[in-house]
Amino acid sequence: MSEQPDRTVEVVPYDPAWPVDFEATRAALASAVGDVAASIEHVGSTAVPGLASKPTIDILMVVVSIDGFL
């Protein structure tokens, strides 16, 4: 019988470094994709100050058009 994967979810107290980490990643993404991105947003629970969360920065990139991606 195979071993079951660990499905533990880690929730940690809010970390004030999350918005800083997002901004650094946003800047790198913006540099890489140029005007393809209409906006790059910090979404999810790490974007809410004071909220405990899984320590994963969720990012939403809005593109002007998907032409050329498909």
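For the structure itself, look to the data block above.
Residues numbered from 1 in each chain as written. Predicted model: local features only at pLDDT ≥ 70, side-chain atom pairs only at ≥ 80, totals over all residues. Heavy atoms only, no water.

Participant: With reference to specific residues and values, describe the overall build of the protein chain.
Facilitator: A tally of regular secondary structure across the protein chain gives one helix and two strands. Its helices and strands in sequence order give the protein chain the pattern α-β-β, from N to C terminus. In terms of its C-alpha atoms, the protein chain occupies a principal-axis envelope of roughly 45 × 40 × 15 Å. Taking as baseline every contact in the protein chain between residues at least 6 positions apart, the subset at least 24 positions apart corresponds to 56%. Summing over all exposed atoms, the protein chain offers an accessible surface of approximately 5,300 Å²; the carbon and sulfur share of this is 59%. (Helix = DSSP H or I, 4+ residues; strand = E, 2+ residues; numbered from the N terminus. Contact = heavy atoms within 4.5 Å. Areas by Shrake-Rupley, 256 points an atom, 1.4 Å probe, with all protein chains shown as cover.)

Participant: Describe the environment of arginine 26, with residues and values.
Facilitator: Position of arginine 26 among the secondary structure elements: in helix H1 (residues 17-33). Distance from arginine 26 to serine 39, taken between C-alpha atoms, is 9.4 Å for residues 13 residues apart in sequence. Here the side chain of arginine 26 touches glutamate 23 through a polar contact of 2.8 Å, side chain to side chain. (Polar contact = N/O pair within 3.5 Å; in protein donor to acceptor, adjacent residues only side chain to side chain.)

Participant: Give me the lowdown on a nonpolar patch on the surface, citing residues and values where you can.
Facilitator: A surface patch of nonpolar side chains, about 210 Å² in accessible area, is lined by Val36, Val63 and Ile66. Its location among the elements puts valine 63 in strand S2 (residues 58-63). (Patch = residues over 30% accessible without salt bridge, like charges linked within 9 Å, V, L, I, M, F, W, Y side chains within 5 Å. Salt bridge = Lys/Arg side-chain N within 4 Å of Asp/Glu carboxyl O.)

Participant: Now, about the side chain of serine 53: what can you tell me, with residues and values included?
Facilitator: Structurally, the position occupied by serine 53 is in the loop between strand S1 (37-43) and S2. Within the structure, the side chain of serine 53 is placed 2.5 Å from the side chain of serine 45, a separation counted as a polar contact. Those residues in contact with serine 53, other than ones at most four positions away along the chain, are Glu10, Val11, Val12, Trp18, Ser45 and Thr46.

Participant: Describe the packing of aromatic side chains, naming the residues involved and giving the relevant values.
Facilitator: Scanning all chains against the criterion turns up one aromatic pair. With a centroid separation of 5.4 Å and 85° between ring planes, the pair formed by tyrosine 14 and tryptophan 18 is classed as edge-to-face. (Phe/Tyr/Trp six-rings, centres within 6.5 Å; stacked < 30°, edge-to-face > 60°.)

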